[in-house]
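# Survey of secondary and tertiary structure
Chain residues, written in single-letter form:
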Amino acid sequence: MAPTKLLLTGATGYIGGTVLTQLLESTITEIKQLSISVLVRKPDQAEIFSSKGVTPIIFNGLEDVEHLRRVASEHDIVLHAADSTNPAAAEALIQGLAENQAGIKATKYFIHTSGTSSLGDQPVSKKLIENREFSDKNDDIYSYLKQREAVKSYAQRATDIKAVEVGEKTSGVNTLIVKAPIIYGRGTGFFNKKSFHIPVLIKGALAAGHAQYVGDGAGVWDYVHVVDLAELFELLVSKILRGETSNLPSGKKGIYFANTLRHSWKELAEGITKSCYEAGRFGSPKTQSLSLKEAADIYTGGNEYIAEVGLASNSLTNADLSREIGWAPKMTEADFQQSLADDLNLTLNSA
Ligand SMILES: NC(=O)c1ccc[n+]([C@@H]2O[C@H](COP(=O)([O-])OP(=O)(O)OC[C@H]3O[C@@H](n4cnc5c(N)ncnc54)[C@H](OP(=O)(O)O)[C@@H]3O)[C@@H](O)[C@H]2O)c1
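Here's a quick rundown of the structure. (Residues numbered from 1 in each chain as written. Predicted model: local features only at pLDDT ≥ 70, side-chain atom pairs only at ≥ 80, totals over all residues. Heavy atoms only, no water.)

## Side note on the nonpolar core
Buried together is how nonpolar side chains tend to be arranged in soluble globular proteins. Filter applied, for reference: Here the nonpolar core consists of buried residues drawn from Ala, Val, Leu, Ile, Met, Phe, Trp, Tyr and Cys, with membership extended through side-chain atoms lying within 4.5 Å. Three labels apply to residues, based on accessible area from a 1.4 Å probe with only protein chains included: buried if under 20% of the type maximum, exposed if over 50%, partly exposed otherwise in between. A run of H or I in DSSP becomes a helix once it reaches four residues, and a run of E becomes a strand once it reaches two; helices and strands are each numbered from the N terminus. The contact criterion used throughout is that any non-hydrogen atoms of two residues lie within 4.5 Å.
By size, the foremost hydrophobic cluster in this structure holds 74 residues, and its most contacted members are Leu-6, Leu-79, Phe-110, Ile-111, Leu-229 and Leu-236. The element contributing the most residues to this core is helix α9 (residues 226-242), with 10 residues. The contact partners of Leu-6, leaving out residues within four places of it in the chain, are Leu-23, Leu-34, Ser-35, Ile-36, Ser-37, His-75, Ile-77, Leu-79 and Val-237. Counting residues in hydrophobic clusters, the runner-up holds 29 residues, among them Ala-269, Phe-282, Ala-307 and Leu-340.

Listed below in C-alpha cells is the structure:
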C-alpha cells in the first residue's frame with residue numbers, strides 16, 4: 001500500500017521546523033511510515049530537506065494559490081504552519097485536499113496552526129474587557145470567533161473561520177486548528193530556531209536599556225514550549241494515521257488549545273530584564289511602562305489594535321480537549337526562565 005502523504009508548510013520556520021523534526025524523530029510506527037513533503041521557497045534549503053529524507057517542493061509562496069491547490073491535491077494530510085493570517089492559502093490547501101478523491105475512502109485532514117491573540121481583549125483602551133478563560137472542550141470557540149470577527153476584522157481570526165467553514169462545506173476533508181499561545185524555547189528545525197514574540201520584546205528591551213510592557217502590564221497570557229507544541233501536532237497526526245478519529249473533534253469543534261504556563265506582561269518584562277541584567281547588559285533590573293501608542297510605534301508599526309491584543313491583552317485558554325486526547329506537555333517554569341536567557345543569546349547572536 002502506498003504510504004500516507006503529509007504536506008508541511010512553514011518547514012523552514014520555527015514552528016514548522018520543530019514539527020518536522022518531531023515527525024522525523026517520532027517513535028510512532030505509523031508516523032515513521034509517512035511520506036513527508038515540504039513546500040519551500042529556496043533551492044538551497046530544498047537540498048537540505050532532500051538530504052533528510054523529506055521531499056521538497058519548490059514554490060513561489062503562499063500567494064500562488066493555484067499551485068498550493070495542486071500540491072495539496074497530491075497529499076492526504078496538510079499541516080499548515082507557514083502563516084496563520086492568510087485565509088486564501090488555507091482555503092486553497094483545503095480545496096486541494098478534496099481533489100483527486102476518486103477511489104480514496106479515507107478522510108483527508110487539514111491541520112492549521114493559529115494563535116490566541118484573536119481571543120485577546122483590550123484592557124488598556126478598555127474597549128473590550130473579557131474576564132474569562134476559554135476551554136477548547138467546553139466552550140464554542142468557533143462561535144466566539146465569529147462574534148468577534150463581526151465587530152472587528154483580524155486576519156488570524158478570519159483565517160481560522162475560513163478554515164472551519166471551507167472544511168465544513170468540503171466533502172472528504174476534516175479541519176483541525178491548533179491555537180497556540182506565546183511559544184517559547186529553542187526550535188529544533190533545520191533553519192529558524194527562534195520564536196518572534198519574546199525575541200521582539202528582547203530586542204526592544206536591548207534598544208531601550210530596560211524591558212517594557214504596556215499600561216499596567218496586568219494582562220495575562222498562556223505560554224507553551226515549542227517542543228511540547230510539536231508533540232501535540234505529532235499526537236494529532238498519529239491519531240489520524242491510526243484511524244483513532246471518533247474522539248478527535250474536527251470542524252467547528254476541532255479547535256485545540258495548547259497552554260502550559262501563564263504570566264502577566266509585567267512578569268514577562270521582569271523576566272526579560274532579569275536575564276539582560278544577569279548577562280551584564282543592563283545596569284539595573286528596571287522595567288518601563290509604555291502607553292499603547294508608544295508600544296504600537298515601537299513594536300507594531302503604529303497599529304494600536306495589534307499592540308493591544310498582541311502585547312497587553314488577556315488571552316486565557318485551557319487545553320482541556322488537547323489533554324483529553326492525550327497531550328501531556330512536559331516543560332516547566334524553570335524551562336521558561338532558562339529560555340529567556342537562551343533567547344537573549346540567540347537575539348544577540350543574530351543582531
Ligand atoms: N511563534 C509564536 O509564538 C506563534 C504563536 C501562534 C501562532 N503563530 C503563527 O504561526 C505561524 C508560523 O510562525 P513561526 O513562528 O513558525 O514563523 P517563522 O519562523 O517566521 O516561519 C514562517 C514559515 O512560513 C513560511 N512563510 C511565511 N510566509 C510565507 C509566504 N508568504 N509564502 C511562503 N512561505 C511563507 C516561511 O518560509 P521562508 O523561510 O521561505 O520565509 C517559514 O517557513 C505565523 O503565522 C505565526 O503568526 C506563531
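## Details of the pattern of salt bridges
What counts here: For this document, the term salt bridge refers to a Lys or Arg side-chain nitrogen within 4 Å of an Asp or Glu carboxyl oxygen.
Throughout the structure, instances matching the rule amount to 16 salt bridges. Two residues, Glu-168 and Lys-252, come together in a salt bridge whose shortest N-O distance is 3.8 Å. Here Glu-168 is found in helix α7 (residues 155-169), whereas its partner Lys-252 is found in the loop between α9 and β11 (255-257), with 84 residues between them in sequence. Exposure remark for Glu-168: the relative accessible area of 46% places this residue in the partly exposed category.

## Some thoughts on unusual backbone geometry
Here Lys-126, not a glycine, exhibits a phi torsion of approximately 65°, which is positive. Locating Lys-126 in the fold gives a position in the loop between β5 (108-115) and β6 (134-135).

## So, the sheet that holds strand β8 (residues 182-184)
This is how it is decided: By the convention used here, strands pair only if DSSP detects at least 2 bridges between them. Helix axes are fitted only over the stretch in contact, all axes being lines through C-alpha atoms; the angle between N-to-C directions runs from 0 to 180 degrees.
Spatially, β8-β10-β12 is the arrangement adopted by the three strands of the open sheet, whose pairing is mixed. Edge positions in the sheet fall to β8 and β12 (261-264), since each of these pairs with one other strand and no more. The average undirected angle you get between the axes of adjacent strands in this sheet is 40°. Here strand β10 (residues 220-225) pairs with β12 via four bridges, running antiparallel. If you follow Asp-222 over to β12, its bridge partner there is Arg-262. Here helix α14 (residues 333-349) sits on the sheet and contacts β8, β10 and β12; the angle it forms with β12, its principal contact strand, is near 55°.

## Description of the site of the ligand
To keep it simple, the criterion reads: Nearness here has a simple test: a residue counts as near a molecule or strand if at least one of its heavy atoms is within 4 Å of that partner. In protein, a polar contact requires one atom able to donate a hydrogen and another able to accept it; more generally it is a pair of N or O atoms within 3.5 Å, and residues adjacent in sequence count only if both atoms are side-chain atoms. The method behind every accessible area is Shrake-Rupley, applied with a 1.4 Å probe, and residues are considered shielded solely by the protein chains displayed. Three classes are used: nonpolar for Ala, Val, Leu, Ile, Met, Phe, Trp, Tyr, Cys and Pro, charged for Asp, Glu, Lys and Arg, and polar for all others, with Gly counted as polar.
Within the structure, the ligand sits among 23 residues, and Thr-12, Tyr-14, Ile-15, Ser-84 and Asn-192 are positioned closest to it. Take Tyr-14: an N or O atom from its main chain is 2.8 Å from an oxygen atom of the ligand. At 2.9 Å, a backbone N or O of Leu-62 approaches a nitrogen atom of the ligand. Against a free-state accessible area of 900 Å², the protein chains account for coverage of 79% of the ligand. Elements supplying a minimum of two residues to the shell around the ligand: α1 (14-24) and β5. Here the residues of the shell around the ligand sort into 11 nonpolar, nine polar and three charged.

## Brief notes about the environment of Ser-73
Positionally, Ser-73 belongs in the loop between α4 (65-72) and β4 (77-80). With 24 residues separating them along the chain, Ser-73 and Leu-97 place their C-alpha atoms 4.5 Å apart. The residues touching Ser-73, leaving out its near neighbours within four places in the chain, are Gly-96, Leu-97, Glu-99, Asn-100 and Lys-108. Only 2.6 Å separates the side chain of Ser-73 from the backbone oxygen of Arg-70, close enough to count as a polar contact.

## Concerning the packing of aromatic side chains
How two aromatic rings sit relative to each other is given by the distance of their centres and the angle of their planes. Filter applied, for reference: Aromatic contacts are taken between Phe, Tyr and Trp rings whose centres are within 6.5 Å, Trp giving its six-membered ring; a plane angle under 30 degrees counts as stacked, one over 60 as edge-to-face, and the others as tilted. In this analysis the charged atom, NZ for Lys or CZ for Arg, is taken to sit over a ring once it is within 6 Å of the ring centre and within 35 degrees of the ring normal.
Using the criterion set out here, one finds seven aromatic pairs in the structure. Against the face of Tyr-305 rests Lys-152, its NZ or CZ located 4.7 Å from the ring centre.

## So, the side chain of Lys-179
In this fold, Lys-179 is placed in strand β7 (residues 173-180). Only 2.8 Å separates the side chain of Lys-179 from the backbone oxygen of Gly-115, close enough to count as a polar contact. At 2.6 Å, the side chain of Lys-179 forms a polar contact with the side chain of Ser-118. Here Lys-179 is in contact with Ser-114, Gly-115, Thr-116, Ser-118, Leu-119, Leu-145, Gln-156, Asp-160, Ile-255, Tyr-256, Phe-257 and Ala-258, once residues within four sequence places are set aside.

## Comments concerning the pairing of strand β1 (residues 5-9)
With four of five residues buried, β1 lies mostly within the body of the structure. Pairing geometry for β1 and strand β2 (residues 35-40), over four bridges, is parallel. Opposite Leu-7, over in β2, you have Ser-37 as the bridge partner. By the bridge criterion, four bridges tie β1 to β4 in an arrangement that is parallel. Across the sheet, the residue bridging to Leu-6 is Ile-77, located in β4.

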